[in-house]
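The residues making up each chain are set out below.
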Amino acid sequence: MPQIIEETEIDSDIETCFNLARDVDFYKQSVKNNSEIPVNGKIAGLVEQGDFTTWETNHLGFMQHLTLKVSELSKPFLFVDEMTEGAFKAYRHDHIFKEQNGKTIMIDKLFFASKYGILGKIVDNLVLKKHIKAVMISRNEILKQKAEELSKQ
């Protein structure tokens, strides 16, 4: 199963970073070209444990619906969302937050696997992993900028 791990150092407090990461409204604004729209479940505000959101997404030219449920939450250090319905065979995203030297380290650990057997594995490793990582890096940079801006106010 492909795995993506991305660390982002943010010059802001852990609570601000944690809350931005689980804010549906901020996520919608931070995704390039508004390619992800919440259409069911928790469609605004901060997700909590047990909440689910169905996202209408358009990635690589394919429209799809993914329902993610917050399966674990430990404020302000961790929340996990897992796909309950959608295009993947498996999908789990661990959002981990640590305080270090007055900054926040945000760690994303994403595990996913496409359906469709060996063909899905090939697509995962040749196309999807690179695409998903690029989206994650872009979004994390936007979150970092917003958190650092808020910490200066």
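Criteria and thresholds
- Residues numbered from 1 in each chain as written.
- Predicted model: local features only at pLDDT ≥ 70, side-chain atom pairs only at ≥ 80, totals over all residues.
- Heavy atoms only, no water.
- Axes fitted to C-alpha atoms, helices over the stretch in contact; angles between N-to-C directions.
- Helix = DSSP H or I, 4+ residues; strand = E, 2+ residues; numbered from the N terminus.
- Parallel < 35°, antiparallel > 145°, perpendicular 65-115°, else oblique.
- Left-handed = near helix turned anticlockwise from the far one by under 90°.
- Contact = heavy atoms within 4.5 Å.
- Nonpolar A, V, L, I, M, F, W, Y, C, P; charged D, E, K, R; others polar.
- Buried < 20%, exposed > 50% of the residue type's maximum accessible area, 1.4 Å probe, protein only.
- Bend = angle between axes of the 7 residues up to and from the residue.
- Core = buried A, V, L, I, M, F, W, Y, C linked by side-chain atoms within 4.5 Å.
- Phe/Tyr/Trp six-rings, centres within 6.5 Å; stacked < 30°, edge-to-face > 60°.

1. As for the packing of helix H1 (residues 14-21) against helix H3 (residues 117-151)
Geometry of a packed helix pair, given as the angle between the helix axes and the separation of the axes.
Part 1 of the argument: With their axes 10 Å apart at the nearest point, H1 and H3 run at an angle of 135 degrees to one another. With respect to H3, the element H1 is oriented oblique. Judged by the sense of rotation from one axis to the other, the crossing of H1 with H3 is right-handed. Where H1 abuts H3, its residues Thr-16, Cys-17, Leu-20 and Ala-21 lie against Arg-139, Leu-143, Lys-146, Ala-147 and Leu-150.
Part 2 of the argument: Classifying every residue of the contact of H1 with H3 by side-chain character gives 6 nonpolar, 1 polar and 2 charged.

2. Looking at the environment of Lys-152
Part 1 of the argument: One can find Lys-152 in the segment after H3.
Part 2 of the argument: For Lys-152, a relative accessible area of 73% translates into the label exposed.

3. Section: H3
Part 1 of the argument: Taking the largest bend as the criterion, H3 deviates by roughly 50 degrees, centred on Asp-124.
Part 2 of the argument: When H3 is considered as a whole, its buried residues turn out to be Gly-120, Asp-124, Leu-128, Ile-132, Met-136, Arg-139, Asn-140, Leu-143, Ala-147 and Glu-148.
Part 3 of the argument: Buried residues in H3 make contact with strand E1 (3-10), H1, helix H2 (24-30), strand E6 (88-100) and strand E7 (103-114).

4. What to know about the nonpolar core
Part 1 of the argument: Residues Phe-88, Tyr-91, Phe-97, Leu-110, Phe-112, Ile-132 and Leu-143 are the most contacted members of the largest nonpolar core, which totals 30 residues.
Part 2 of the argument: Those elements that provide at least two residues to this core are E1, H1, H2, strand E4 (62-74), strand E5 (78-85), E6, E7 and H3.
Part 3 of the argument: Setting aside residues no more than four positions away along its own chain, Phe-97 makes contact with Ile-14, Cys-17, Phe-18, Ala-21, Pro-76, Phe-77, Leu-78, Phe-79, Thr-104, Ile-105 and Met-106.

5. As for the packing of aromatic side chains
Here the distance between the centres and the angle between the planes together describe a pair of aromatic rings.
Part 1 of the argument: Enumeration over the complete set of coordinates arrives at 5 aromatic pairs.
Part 2 of the argument: For the ring pair Phe-18 and Phe-79, a centre distance of 5.8 Å and an interplane angle of 85 degrees mean the geometry is edge-to-face. Of the two residues, Phe-18 sits in helix H1 while Phe-79 sits in strand E5, which places them 61 residues apart along the sequence.
Part 3 of the argument: For Phe-18, a relative accessible area of 1% translates into the label buried.
Part 4 of the argument: Judged by centre distance (5.5 Å) and plane angle (40 degrees), the ring pair of Phe-88 and Tyr-91 falls under tilted. Accessibility assignment for this pair places Phe-88 and Tyr-91 in one class, buried.
Part 5 of the argument: Three or more aromatic residues link up through ring pairs in this structure, and these residues are Phe-18, Phe-79 and Phe-97.

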